[in-house]
Amino acid sequence: MIARQARGHPIALISELAADFRESEDDPGLTPKERARLTRWRKHAAVLETYVRRQSGETAGPVIDLADTSDLPPELRKELSNVQSDELETQIFTVLSTFGGSADLDQLLIGLFRKYGTVHKRRFLQNKLWRMVRKGDLDKADQRGLFRLTAPKSRKREKKRRR
């Protein structure tokens, strides 16, 4: 699975590697020498991630998930608009972002399980994805079974004609 992920999404693999190093640094059983080694490896992974992003034309920096409001304090959530998106849609957007903006159904099923611990029926998730495509939230990629995040559309201002 890792080799397949590395071929399809090297940035996601490097990001996951850096996150694993970051989590391992907090292990209380590490010696100072091991902790220093993990810190150095995490920094190397971050530099490599930036380089790969630049080479592929992606913007550098972490992807901030603005749709996930679960970590916000209640007083801030009260100030936000009342438009609530479906929790599964938010999770799908997050998993797609992790995979570099596009993924097939198998990758989404695995990503949803690994990130959120949820198991979905294949047909249910497939129907959900097609509803999101129909709404314009996702695009169907050229490759069979591949879904991708919708590119932001540029808005053109229409001039109103005066009569």
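Residues numbered from 1 in each chain as written. Predicted model: local features only at pLDDT ≥ 70, side-chain atom pairs only at ≥ 80, totals over all residues. Heavy atoms only, no water.

Colleague: So what exactly am I meant to see when it comes to the pattern of salt bridges here?
Modeller: Where charged atoms from two side chains of opposite charge approach closely, those side chains can pair. Tallying each qualifying case throughout the model produces four salt bridges. Between K135 and D137 there is a salt bridge, with the nearest N and O atoms lying 3.4 Å from each other. You can call K135 exposed: its relative accessible area is 53%. In this structure, a network of salt bridges that share partners links the residues E89, K128, K135 and D137. (Salt bridge = Lys/Arg side-chain N within 4 Å of Asp/Glu carboxyl O. Buried < 20%, exposed > 50% of the residue type's maximum accessible area, 1.4 Å probe, protein only.)

Colleague: What should I look at first to understand the sheet that holds strand β1 (residues 102-104) in this one?
Modeller: Within a sheet, adjacent strands bond to each other through the backbone by hydrogen bonds, running parallel or antiparallel. Spatial strand order, β1-β3-β2: three strands in an open sheet with antiparallel pairing. Unpaired on one side and paired on the other, β1 and β2 (138-140) mark the two borders of the sheet. The average undirected angle you get between the axes of adjacent strands in this sheet is 30 degrees. Of the strand pairs in this sheet, β1 and strand β3 (residues 146-149) are connected by three bridges, and their pairing is antiparallel. When the sheet's bridge partners are listed, A103 is paired in β3 with F147. Sheet strands touched by helix α5 (residues 87-98): β1, β2 and β3. Its angle to β3, the strand with the most contacts, is close to 95 degrees. (Pairing = 2+ DSSP bridges. Helix = DSSP H or I, 4+ residues; strand = E, 2+ residues; numbered from the N terminus. Axes fitted to C-alpha atoms, helices over the stretch in contact; angles between N-to-C directions. Contact = heavy atoms within 4.5 Å.)

Colleague: Sorry if this is basic, but what is going on with the packing of α5 against helix α7 (residues 122-135) here?
Modeller: The geometry of a pair of packed helices is captured by two quantities: the angle between their axes and the separation between those axes. In the contact formed by α5 and α7, the axes pass within 11 Å of each other and the chain directions differ by 85 degrees. Taken together, the axes of α5 and α7 are roughly perpendicular relative to one another. Residues L88, E89, I92 and F93 of α5 lie in contact with α7, whose contacting residues are F124, L125, K128, L129, M132 and K135. A class-by-class count of the residues in the contact of α5 with α7 yields seven nonpolar, no polar and three charged. (Parallel < 35°, antiparallel > 145°, perpendicular 65-115°, else oblique. Nonpolar A, V, L, I, M, F, W, Y, C, P; charged D, E, K, R; others polar.)

Limitation: the analysis is restricted to geometry and does not speak to function.
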